[in-house]
Amino acid sequence: MNSRQENQKHPLVVIHNVTTFSNKQIEQYCKKYDKDIRCFRKRNRNNHEYVHVLFSSIISANNFLNDRPHFIQNCRINTSLVSDPLCGPKFVCVQIDKYASITEDNLYEYTSKHFGRILNCVLYDSRGYAFIEFHQLDDTHRALASSVHQLNGCSIQYCPRNKSSKILPLISLTRLIHIGNFLNKDQENLPLYFPNLQNFSIHKNCYGQKYILGIFNLNDSIKLLLKRAFCLNGRVLNIFMDNDDALTECNNYLLVRNVSYRLNDYNLLEYFSQYGRILNCYRYGQTDAYRIQYRDKSSLNQVIEFNRIHVIKSIRMQIEREKN
């Protein structure tokens with residue numbers, strides 16, 4: 001049963017405490033475990049910066065996680081599978097006075113010295129709590145059985161993670177996915193196209209085009225993003241996480257101009273796929289321009305270096321790298 005659940009997981013790892021590192025530094029470190037990783041730097045709605053690392057297999061992702069804690073240039077990073085909830089028997093919540101002069105590294109060093117190996121230690125200093133993930137369950141029990149501690153002249157107390165839900169609510173394990181290039185006739189067949197869609201709402205963009213905001217659980221959303229490009233009746237549905245407005249998962253965009261209405265999404269997808277895998281391909285509103293998103297920057301460089309003019313069905317089109 002456990003092996004079946006393990007096989008259903010996706011090798012997407014999230015890394016925090018990354019503001020002082022470049023993507024290249026993180027890639028070089030992670031490639032010790034997997035040479036075929038891809039890194040995507042992101043920010044959440046609270047402007048917190050983090051990095052998603054996609055490993056080529058769950059085995060290499062687990063090898064990386066089994067070696068926690070990780071240090072890059074002597075700086076500790078917090079790492080976990082995106083699909084893993086921040087709760088469980090090896091987690092504790094640490095209550096701290098929010099005005100205390102305690103850093104995350106202070107708490108990590110003190111706790112690991114007194115109780116044992118720590119996998120993750122995250123401090124919310126403005127809220128007065130932290131959560132810690134231990135490697136061994138026995139270490140968790142010893143921390144919970146201990147009395148109030150003094151650290152840097154301030155009191156800290158270890159509490160069960162499951163009793164701290166009011167302090168630190170669980171992170172939702174669902175994702176809001178934007179599905180564009182949507183037509184009215186598609187609505188009745190949505191359960192067929194997206195069997196794991198939990199709920200959805202229909203919206204219009206500034207060009208009057210309809211799109212869907214759909215709710216998927218975390219694993220299903222990752223599967224959907226990894227399947228792109230998603231073709232439907234000659235159209236390419238542009239799919240991305242809705243809260244990632246800049247689509248920072250990979251900014252490898254090609255702008256194609258002078259695209260006649262004689263050409264459809266699939267014509268462009270089929271032609272430009274010869275240079276590399278395409279994730280999204282769609283027309284800018286009612287204009288003659290298309291926006292194509294490649295998975296890899298090398299594919300984008302290849303198509304631009306080949307020629308700036310491309311011809312499909314006798315129609316000459318001009319391409320350029322989209323400026324961020």
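Residues numbered from 1 in each chain as written. Predicted model: local features only at pLDDT ≥ 70, side-chain atom pairs only at ≥ 80, totals over all residues. Heavy atoms only, no water.

Quick word on the pairing of strand β12 (residues 199–204)
At step 1: Pairing of β12 with strand β13 (residues 210–217) involves six bridges; the strand directions are antiparallel. The partner of S201 across the bridge, within β13, is L213. (Pairing = 2+ DSSP bridges. Helix = DSSP H or I, 4+ residues; strand = E, 2+ residues; numbered from the N terminus.)

Overview of the pattern of salt bridges
At step 1: On inspection of all chains with the given rule, the structure shows ten salt bridges.
At step 2: Between R235 and D186 there is a salt bridge whose closest N-O contact spans 3.1 Å. Highlighted residues: R235 in strand β15 (residues 235–237) and D186 in the loop between β11 (174–179) and α6 (190–193), separated in sequence by 49 residues. Each member of the pair, R235 as well as D186, carries the same accessibility label: buried.
At step 3: A salt bridge links R257 to E320, with the nearest nitrogen and oxygen atoms 3.1 Å apart. Residue R257 is found in strand β17 (residues 253–257), and its partner E320 is found in strand β21 (residues 315–321); the two are separated by 63 residues along the sequence.
At step 4: Salt bridges here are not isolated pairs; linked through shared partners, they connect R41, R43 and E49. (Salt bridge = Lys/Arg side-chain N within 4 Å of Asp/Glu carboxyl O. Buried < 20%, exposed > 50% of the residue type's maximum accessible area, 1.4 Å probe, protein only.)

With respect to the state of the cysteines
At step 1: In the structure shown here, the tally under the stated rule is zero disulfides.
At step 2: C281 provides the cysteine sulfur closest to C231, a residue in no disulfide bond, and the two sulfurs are 8.6 Å apart. (Disulfide = S-S within 2.5 Å.)

Quick look at unusual backbone geometry
A negative phi angle characterises most non-glycine residues, just as the trans form characterises most peptide bonds.
At step 1: Cis geometry is found at the peptide bond from R68 to P69, where omega equals 0 degrees.
At step 2: By secondary structure assignment, the location of P69 is in the loop between α3 (58–66) and β4 (70–72).
At step 3: With an omega of 10 degrees, the peptide bond running from R228 to A229 counts as cis.
At step 4: Along the chain, A229 turns up in the loop between α7 (218–227) and β14 (230–232).
At step 5: Notably, N17 is not glycine yet its phi reads approximately 65 degrees, a positive angle.
At step 6: With respect to the secondary-structure elements, N17 resides in the loop between β1 (12–16) and α2 (23–30).
At step 7: Phi angles above zero are rare outside glycine, and N258 is one such case at about 65 degrees.
At step 8: Relative to the elements of secondary structure, N258 occurs in the loop between β17 and α8 (265–272).

As for the pairing of strand β8 (residues 129–134)
At step 1: Of all the six residues making up β8, six are buried; the element is thus mostly covered by neighbouring parts of the structure.
At step 2: Alternating residues of β8 divide into Y129, F131 and E133 and A130, I132 and F134, and every residue in both groups is buried.
At step 3: Alignment of strand β6 (residues 91–96) against β8, held across five bridges, turns out to be antiparallel. Bridge pairing in β8 links C93 to F131.
At step 4: Across six bridges, the pairing between strand β7 (residues 118–124) and β8 is antiparallel. Looking at the pairing, L123 lines up with A130 of β8.

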